[in-house]
Amino acid sequence: MNKWWLIGGVTALGIAALGISKVTKMAKTVINLSVRVTDVHHFTFPGSNIFTKVVRFFVNVQFVNPEDTTLTVDLKQIKVYLRGNEVAYTLPKQTAFSIPSRSVFDLRDTQIEIPLTKLTGLVGDLFNLLLSSKEERAALQTKMLKELTFKILAKANGMDFEFAVDGQGNMVKGLGVVAAFNRPLKDGKKYDHLFPKPQKTDPIVNLSGDVNDTVQVMLKMVEQYAADTKKFAPIIKGKDNFDTAKRLWVFMYNHIQYREDDENVEQLRRPARVWHDRKSGVDCDCYSNFVASVLYNLNIPFKFRITKYNGRAYFQHVYVVIPNGTKEIVIDVVMDKFNSEKPYSEKKDYLFKKSR
């Protein structure tokens, strides 16, 4: 999976706010930088004929520095892609700026122009490129927000960053619901003795990224590595399933960092490896592995849920759900609130069944 961090939201214009962050490593140096495309606005369509008409709009970008030190940013370029093909690029008026510790910098009103001839796949008939009616212009604007991808190229303290998001607030690849930025973790050393110590050679299962295949492996891993949380599970047990689920979510939210997987690769860690890597961070599927293991050891039934968002063709996210009578208990540690889930356009559930 890519190292993008998404923050869901809706602007006044009905455009999903984009938020992404990338973690770059060099030797022992780690830099976190988050970006939110907070608005896409003021669409106009200047030009008198098919060959001169363009779509002109403006983008607001917010850079978020969660670090304890100042970040010096050198913004290289903003590129725009339609279905994988580059259709425009721009260099903002202000390209160099500094962001104090735990602060934001707003880069407003960066102008982008796309020749209408590069948007024929969205418009259809060439004659419609004239966009003579208000309805035609509105329809094109809606389609653009669904189909366009923005790439932002920058350096922060000398390290290269590349961010990629689409106009609907989704990541371009990987599982598409991700945490906003690094969470302050609690010291968990007192729990170390409850988990096996994984060797450096412990394998992380690498897959091509198909979410259905990923979940099939996750289902098998539950029993295979159940011993990893056998000692830990009893201390998290509450008075009922809801209380247990909440205690588990709170513990993980405060002790295990989120980090997106490497590009085009699903990294499935066993629960012991999740705890070992808790400071550097793990992805939503690893969160789900840990949750499932604890529930298995407490004999609490559960299912893995994979979801799509905004009508996307592929599944983007995975988390654990506990059946609770006519309701459900959601354990999604990526979210900032217990028992909550981002509204999805499609879901698929995989009920875990013990082999014995």
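Shown above is the structure to which this text applies.
Residues numbered from 1 in each chain as written. Predicted model: local features only at pLDDT ≥ 70, side-chain atom pairs only at ≥ 80, totals over all residues. Heavy atoms only, no water.

K.L.:
Help me get a handle on the overall build of the protein chain, residues and values and all.
P.N.:
Within the protein chain one finds seven helices and 15 strands. Residue pairs at least 24 apart in sequence account for 68% of intrachain contacts in the protein chain once pairs closer than 6 positions are excluded. (Helix = DSSP H or I, 4+ residues; strand = E, 2+ residues; numbered from the N terminus. Contact = heavy atoms within 4.5 Å.)

K.L.:
Which residues make up the pattern of salt bridges, and what are the values?
P.N.:
Summed over the entire model, instances satisfying the criterion amount to twelve salt bridges. Asp 228 is the partner of Arg 270 in a salt bridge, and the nearest nitrogen-oxygen pair spans 2.6 Å. Taken together, the residues span a long stretch of sequence, with Arg 270 in the loop between β11 (266-268) and α6 (271-276) and Asp 228 in the loop between α3 (211-224) and α4 (233-236) at a distance of 42 residues. Since its relative accessible area comes to 2%, Asp 228 is described here as buried. Here Arg 305 makes a salt bridge to Asp 349, at a shortest N to O gap of 2.7 Å. Here Asp 349 lies in strand β15 (residues 346-351) and Arg 305 lies in strand β12 (residues 303-308), a separation of 44 residues in the sequence. Taking the relative accessible area as the measure of exposure, Arg 305 reaches 0% and is therefore buried. Taken together, the shared-partner salt bridges in this structure form one network comprising Lys 303, Arg 305, Glu 328, Glu 341, Lys 347 and Asp 349. (Salt bridge = Lys/Arg side-chain N within 4 Å of Asp/Glu carboxyl O. Buried < 20%, exposed > 50% of the residue type's maximum accessible area, 1.4 Å probe, protein only.)

K.L.:
Lay out the sheet that holds β15 with the relevant residues and their values.
P.N.:
An order of β14-β13-β12-β15 is seen for the four strands of this open sheet, with the pairing classed as antiparallel. On the outer flanks of this sheet lie β14 (327-331) and β15, each paired with one strand and no other. When strand polarity is set aside, the average angle formed by the axes of neighbouring strands in this sheet is 35°. Taken together, the five bridges between β12 and strand β13 (residues 317-324) define a ladder with antiparallel strand orientation. (Pairing = 2+ DSSP bridges. Axes fitted to C-alpha atoms, helices over the stretch in contact; angles between N-to-C directions.)

K.L.:
Break down the pairing of strand β6 (residues 96-99) for me, with residues and values.
P.N.:
Covered by surrounding structure in β6 are Phe 97 and Ile 99 only, the residues Ala 96 and Ser 98 on the alternate face being uncovered. Here four bridges tie strand β4 (residues 71-82) to β6, and the two strands are oriented antiparallel to one another. Within β6, the residue paired with Asp 74 across the bridge is Ala 96.

K.L.:
Residue-level account of the packing of aromatic side chains, with values.
P.N.:
Across all of its chains, the model carries 19 aromatic pairs by this definition. Relative to Phe 352, the ring of Tyr 296 lies with its centre 5.8 Å away and its plane at 80°, an arrangement referred to as edge-to-face. Here Tyr 296, found in helix α7 (residues 284-297), pairs with Phe 352, found in the segment after β15; they are 56 residues apart in sequence, far enough to count as distant. The two residues Tyr 296 and Phe 352 agree in class, both being buried. Ring centres 5.8 Å apart and planes at 80° place the aromatic pair Phe 302 and Phe 304 in the edge-to-face group. By relative accessible area, which is 1% here, Phe 302 ends up buried. (Phe/Tyr/Trp six-rings, centres within 6.5 Å; stacked < 30°, edge-to-face > 60°.)

K.L.:
Provide a residue-level description of the environment of Lys 337, including the pertinent values.
P.N.:
Along the chain, the position of Lys 337 falls in the loop between β14 and β15. A relative accessible area of 60% means that Lys 337 is categorised as exposed. Along the sequence, Lys 337 and Val 250 sit 87 residues apart, while their C-alpha atoms lie 9.1 Å from each other.

K.L.:
Explain the packing of α3 against α7 to me, using residue names and the numbers behind them.
P.N.:
Across the interface, α3 lies against α7 with an axial gap of 9 Å and an inter-helix angle of 35°. The interaxial crossing formed by α3 with α7 has right-handed handedness. Within the contact between the two elements, α3 uses Thr 214, Met 218, Met 221, Val 222 and Glu 223 and α7 uses Asp 285, Ser 288, Asn 289, Ala 292 and Tyr 296. (Left-handed = near helix turned anticlockwise from the far one by under 90°.)

K.L.:
Give a detailed account of the side chain of His 41, specifying residues and quantitative values.
P.N.:
Structurally, His 41 can be placed in strand β2 (residues 29-44). Given a relative accessible area of 9%, His 41 falls into the buried group. Side chain to side chain, His 41 and Asp 109 meet in a polar contact 3.0 Å long. (Polar contact = N/O pair within 3.5 Å; in protein donor to acceptor, adjacent residues only side chain to side chain.)

K.L.:
Run through unusual backbone geometry, naming residues and quoting values.
P.N.:
Negative phi characterises most residues that are not glycine, and trans characterises most peptide bonds. For Asn 299, which is not a glycine, the phi torsion comes out positive at approximately 60°. By the element assignment, Asn 299 lies in the loop between α7 and β12. Asn 299 sits in the exposed class, given a relative accessible area of 56%. With phi around 60°, Asn 339 is a residue other than glycine that occupies positive phi space. According to the relative accessible area criterion, Asn 339 is partly exposed, its value standing at 31%.

K.L.:
Break down the pairing of strand β8 (residues 148-156) for me, with residues and values.
P.N.:
For β8, the buried fraction is high: seven of the nine residues fall into the buried class. Across nine bridges, β4 lies against β8 in antiparallel orientation. By the bridge assignment for β8, Ile 78 is matched with Ile 152.

K.L.:
Before we move on, could you go through α3 and cite the residues and values that matter?
P.N.:
In this model α3 runs 20 Å from its N-terminal to its C-terminal C-alpha over 14 residues, within 8% of the 20 Å that 1.5 Å per residue would give. Residues of α3 that are buried: Val 211, Thr 214, Val 215, Met 218, Leu 219, Met 221 and Val 222. Buried residues of α3, viewed axially, fall in a sector of 165°; they line one side. Exposed residues pointing more than 90 degrees away from the buried face of α3 are listed as Lys 220 and Gln 224. (Expected span 1.5 Å × (residues − 1). Arc of directions from axis to C-beta.)

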